[in-house]
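Each chain, written out:
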Amino acid sequence: MKKVISSFIIILIVFSVVGCNRMGKTKDASITIGKSVKFSKKEIDDAVECVKERFKNYKGCTLTDLWYDENKSNTYVEDYLKYGGGTENGSTKENSIVLMSNFDVDSLGGDGSFEPNSTTDDWQWVLIRDSKTSKWEVIESGY
């Protein structure tokens with residue numbers, strides 16, 4: 001009986017370690033911040049950190065590139081405010097930002113929702129905040 005319990009505990013430990021390894025990886029991602037008249041470097045850096053934290057939920061995925069391009073961001077923000085969730089939550093241009101990313105997906109398809117062994121390009125991260133001094137929050141992500 002002790003051997004069965006010991007074996008069961010070892011199996012649980014192995015699954016726990018494997019499960020932790022499947023967290024989304026962000027450590028070696030290339031970060032590129034383009035020029036901005038809309039946001040300070042710190043504001044954009046804070047948005048980047050917010051995305052990196054959220055990306056950890058993307059099991060089996062590795063973030064390769066994350067960037068801010070003000071022209072693209074402004075276009076996506078306009079769409080978000082006009083057609084997306086911004087119409088419902090009262091977001092403003094000044095308190096909305098979109099970052100772009102590329103990431104690799106493992107052989108299991110991440111959490112099963114991505115194509116296995118693939119690269120996802122131009123993934124959009126929509127972030128909003130309540131005011132200039134508030135923290136960013138990822139509201140939407142996808143194409």
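About the cut-offs
- Residues numbered from 1 in each chain as written.
- Predicted model: local features only at pLDDT ≥ 70, side-chain atom pairs only at ≥ 80, totals over all residues.
- Heavy atoms only, no water.
- Helix = DSSP H or I, 4+ residues; strand = E, 2+ residues; numbered from the N terminus.
- Buried < 20%, exposed > 50% of the residue type's maximum accessible area, 1.4 Å probe, protein only.
- Contact = heavy atoms within 4.5 Å.
- Areas by Shrake-Rupley, 256 points an atom, 1.4 Å probe, with all protein chains shown as cover.
- Pairing = 2+ DSSP bridges.
- Axes fitted to C-alpha atoms, helices over the stretch in contact; angles between N-to-C directions.

## Comments concerning the overall build of the chain
- Looking only at helices and strands, the chain features 4 helices and 5 strands.
- When the helices and strands of the chain are listed from N to C terminus, the series reads α-β-α-β-α-α-β-β-β.
- In the chain, which comprises 143 residues, the share counted as buried stands at 37%.
- Sequence separation of 24 or more characterises 64% of the internal contacts of the chain that already satisfy a separation of 6 or more.
- For the chain, the exposed area adds up to about 9000 Å²; of that, 55% sits on carbon and sulfur atoms.

## A short note on the sheet that holds strand 3 (residues 96-105)
- Strand order in the open sheet formed by 5 strands is 1-2-3-4-5, and the pairing between neighbours is mixed. Of all strands in the sheet, those with a lone pairing partner are strand 1 (30-33) and strand 5 (137-142), marking the two edges. Here the strands of the sheet are splayed against their neighbours by 25° on average, with no regard to which way each runs.
- Bridge count between strand 1 and strand 2 (residues 61-68): 4 bridges; the pairing is parallel. Looking at the pairing, S30 lines up with D65 of strand 2.
- Its contacts with the sheet put helix 3 (residues 70-83) on strand 2, strand 3, strand 4 (119-128) and strand 5, and the angle it makes with strand 3 is roughly 110°.

## Remarks on the side chain of S73
- Mapped onto the elements, S73 comes out in helix 3.
- Ignoring anything within four residues of it in the chain, the contact list for S73 reads Y68, I97 and V98.

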